[in-house]
Every structure is written in structure tokens, then in C-alpha cells.
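# Results of the structural survey
Spelled out, the chains give:
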Amino acid sequence: MSLAIPAISQGVLQTLDTCPRQFQYQYLQQFSQVEDPIFSQRQRWGQQFHRLMQQVALGLPVEAVADADPELYACLERLLADQPWLVGSRKPGEQRQVEIRLSLYFDNVLLTGVYDLLVRWISPVAGGQSPDQTAIHDWKTGVHQPASRSLKQRWQTRLYLFLLAEASGLPPETLTMTYWFVRQSPIQSVKVPYSRRAHQATAQDLRRLLDQLQQLIVQPQLLLPALAADSPACRYCAFASFCHGQLATTGSRGRPSNGVEAVEPPLDWEAIEPLPL
Ligand code: SF4
């Protein structure tokens, strides 16, 4: 048995770390999941917003979206009114990249991530030496905003900062990742700093997870035990009927309840429809 995915993304790592059994169902046995219409609708909305931001960054007109999806357009306008520099013209010493994919082999496994916006700023310091600062910006389109602590621990944060540090060779202390919650009014953001210590901890955890992944691939007959039925992960899991003989809470993925953090639908860039221009 082999892994039916070409590269390891943050979503794969998050699933493996949260529930290895879910990873087996989803990526090794490739069980199909029951489609949740609310989840799918939120996923489409998120995809459209990302495409819209990409088009704004390219200088393409997007006004036609105002009629097609007023809420989408209102969120865009609110973000740009609040933080116009996110799509503004480049300042001297500033480099920007939009929707850039970074991939890197780590212990012979290809890790990958797509960055909504990367901004590298070389701050001028009188007299010479100037520290590079590089910021990852990520649009979050979920209805609810997870706690900052949860965001820092999520594999998207950890993997994106790790990949950037490894791929660029930049010191971890010069990197940050900021999440923008575009459906909040006013717009909310959470900025996560990085450090050498966090980088080493991520490398260690990555090795642990990739070792576990290899074990699962070579032992396809081994079905790992289920989490306790009242685990937060089981509440919204599409495989709950396999593990606990019951259906997961339908129509509610992404809705925090009883302390469960909202999980934003992952983006499938290949499936994003172009916006009407
Ligand atoms: S229902 Fe729970 S134990 Fe079963 S796969 Fe999903 S998260 Fe894992």
C-alpha cells in the first residue's frame, strides 16, 4: 500500500497528528466521505475569496462580484479598507509574492504549502546592517475565529513557518505568520512569531509524524484504535459511523461547540472556479 498523495500538506499532518485512524481511512484506504452541504458551501466561499484576493493583487477588476455575491464583496472591501497595504503597491525594499507554493524534501518526504501572501521587507537601518523581516499572510474565511493558542499549534502555522525558514535560509526569528479573519467585523488578525526553538521543535515533531506515516504505510492491515467517542475530533468526523456506530454531527463542521475549535475547510486550488469579471 502507498500513500495516494504526492506531497505532505498541513492538512495531512493535522489529520495524522489528530487521529491516525482518520488518516488511515482518508489517505490510505481512501474511504469516501459523506458530503456535508454546509461544509462544502463554506469551502466554496473560501475558495472564491482566495481567488478574489489573487485577482485584486494582479490588478484585475472585481466589481462584478458585488452583484454575484454581495457578502463576499463586502468582506473584501472591509479588509482592503482596513488594511489597504495588503494589496497596495510595493514600497522600496519590499518584495511580494502571491499564491506561491513552497515544497521541500525533509527526510526524503516532500512537504508542501501554498502561501496566500508573502511579504519580505528589508528595513533600512542607518549605518549598514539591516534585519530582514518576512511575513506570511493567510486569509481565513471560516465563520468563527479559533483561539490564538490553537492557531499557533495548528500544523498550518508550524509547517508554513518551517518550510519558509528551510527553503529561504532566513533566521526563524525574522519570520512571522499572520492570519486575517475576513468574515469578522471589524477585521481580526492573529500574528504568530517564530523562533529557532520553535523551528527545532517542529523538526522533531515532523520526524515523529513522518516515522509514524511510514509505519502505517508498511502495515496496512493494522487498524489503529479509535479515539474516545466524546473526543472533539470525533464530533465532526465523517468516519464516526465506522468508529462509534453513529453519524457525526451533520451540517455543523466549523461550528465551535463545547470548546471545540472551528476547523476551516481546506482549499482545493484545482477546484476553484474563476470569478465573473
Ligand atoms: S470518528 Fe474519531 S476515532 Fe474515528 S476516525 Fe474520526 S476522529 Fe478518528
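Summary of the structure given here. (Residues numbered from 1 in each chain as written. Predicted model: local features only at pLDDT ≥ 70, side-chain atom pairs only at ≥ 80, totals over all residues. Heavy atoms only, no water.)

### Looking at the overall build of the protein
Each helix and strand in the protein was counted, giving ten helices and five strands. For the protein, the residues scored as buried account for 46% of the 277 residues in total. Here the contacts in the protein between residues at least 6 apart in sequence split such that 63% fall between residues at least 24 apart. Carbon together with sulfur atoms contributes 51% to the accessible area of the protein, which is approximately 14300 Å² in total. (Helix = DSSP H or I, 4+ residues; strand = E, 2+ residues; numbered from the N terminus. Buried < 20%, exposed > 50% of the residue type's maximum accessible area, 1.4 Å probe, protein only. Contact = heavy atoms within 4.5 Å. Areas by Shrake-Rupley, 256 points an atom, 1.4 Å probe, with all protein chains shown as cover.)

### Examining helix α3 (residues 37-57)
In a regular helix each residue adds 1.5 Å, so 21 residues correspond to 30 Å; α3 covers 30 Å between its end C-alpha atoms and thus fits that length. Counting buried positions along α3 gives 15 out of 21 residues, so the element sits mostly inside the fold. (Expected span 1.5 Å × (residues − 1).)

### Some details on the environment of Leu-161
Along the chain, the position of Leu-161 falls in helix α7 (residues 155-168). In sequence terms Leu-161 and Gly-113 are 48 residues apart; their C-alpha atoms lie 10.0 Å from each other. Non-local contacts of Leu-161, meaning those with residues more than four positions away in its chain, are made with Ile-136, Leu-175, Thr-176, Met-177, Pro-193 and Tyr-194.

### Let's talk about the nonpolar core
With 41 residues, the main nonpolar core has Phe-23, Leu-111, Tyr-115 and Ile-136 as its most contacted residues. At the level of secondary structure, the elements contributing two or more residues to this core comprise α1 (10-18), α2 (20-28), β1 (94-106), β2 (109-122), α7, β4 (175-181), β5 (188-193) and α8 (196-218). For this core, the leading source of residues is α7, giving eight residues. (Core = buried A, V, L, I, M, F, W, Y, C linked by side-chain atoms within 4.5 Å.)

### Regarding the site of the ligand
In the vicinity of the ligand, the residues found are Cys-19, Gln-22, Ala-226, Leu-227, Ala-233, Cys-234, Cys-237, Ala-240, Cys-243 and His-244. Contributing elements (two or more residues each) for the shell around the ligand: α9 (232-235) and α10 (240-244). Residue contributions to the shell around the ligand peak at three residues, all from α10. Partitioning the shell around the ligand into residue classes produces eight nonpolar, two polar and no charged. (Near = heavy atom within 4 Å. Nonpolar A, V, L, I, M, F, W, Y, C, P; charged D, E, K, R; others polar.)

### Some points on the sheet that holds β2
The five strands lie next to each other as β1-β2-β3-β4-β5, forming an open sheet whose pairing is mixed. Of all the strands in the sheet, just β1 and β5 have a single pairing partner and so form its edges. With strand direction ignored, the average angle separating the axes of adjacent strands in the sheet is 35°. One ladder, built from six bridges, connects β2 with strand β3 (residues 132-140); its direction is antiparallel. Across the sheet, residue Ile-122 finds its bridge partner in β3, namely Asp-132. Against the sheet, α3 touches β1, β2 and β3, its axis set at about 130° to β1. Running over the sheet, α8 touches β1 and β2 and is turned about 50° from β1. (Pairing = 2+ DSSP bridges. Axes fitted to C-alpha atoms, helices over the stretch in contact; angles between N-to-C directions.)

### Considerations on the pattern of salt bridges
Charged atoms that come close allow side chains of opposite charge to pair. For the structure shown, the criterion picks out eight salt bridges. Of the charged contacts in the structure, one is a salt bridge between Lys-140 and Asp-138, with a shortest N-O distance of 3.0 Å. For Asp-205, the salt bridge is made with Arg-208, and the minimal N-O distance between the two is 3.9 Å. One end of the pair, Asp-205, and the other, Arg-208, are both in helix α8, three residues apart, so they sit about a helical turn from each other. Judged by its relative accessible area of 21%, Asp-205 falls in the partly exposed class. The exposure class assigned to Arg-208 is partly exposed, which follows from its relative accessible area of 40%. Taken together, the shared-partner salt bridges connect Asp-17, Arg-158, Asp-205 and Arg-208 into one network. (Salt bridge = Lys/Arg side-chain N within 4 Å of Asp/Glu carboxyl O.)

### A word on the pairing of β1
Along any regular strand, the residues point their side chains to alternate faces of the sheet. When β1 meets β2, the two strands line up antiparallel, connected through twelve bridges. Across the sheet, the residue bridging to Phe-106 is Val-109, located in β2. Counting the residues that bridge the hairpin from β1 to β2 gives two residues, and of these Asp-107 lies at a positive phi of roughly 50°.

### Examining the packing of α1 against α2
As a packed pair, α1 and α2 sit with axes 5 Å apart at the nearest point and diverge in direction by 135°. The angle between the axes of α1 and α2 places the two elements in the oblique class. Residues Gly-11, Val-12, Thr-15, Leu-16 and Thr-18 of α1 lie in contact with α2, whose contacting residues are Pro-20, Gln-22, Phe-23, Gln-26 and Tyr-27. (Parallel < 35°, antiparallel > 145°, perpendicular 65-115°, else oblique.)

### Some thoughts on the packing of α1 against α8
Direction vectors running N to C along α1 and α8 enclose 80°, while the axes themselves pass 11 Å from each other. Considering the angle they form, α1 stands roughly perpendicular to α8. Mapping the contact onto sequence places Leu-13, Leu-16 and Asp-17 in α1 and Leu-206, Arg-208, Leu-209, Gln-212, Leu-213 and Leu-216 in α8. A breakdown of the residues in the contact of α1 with α8 according to their chemical character gives six nonpolar, one polar and two charged.

Bear in mind that shape data such as this cannot, by itself, settle questions of function.
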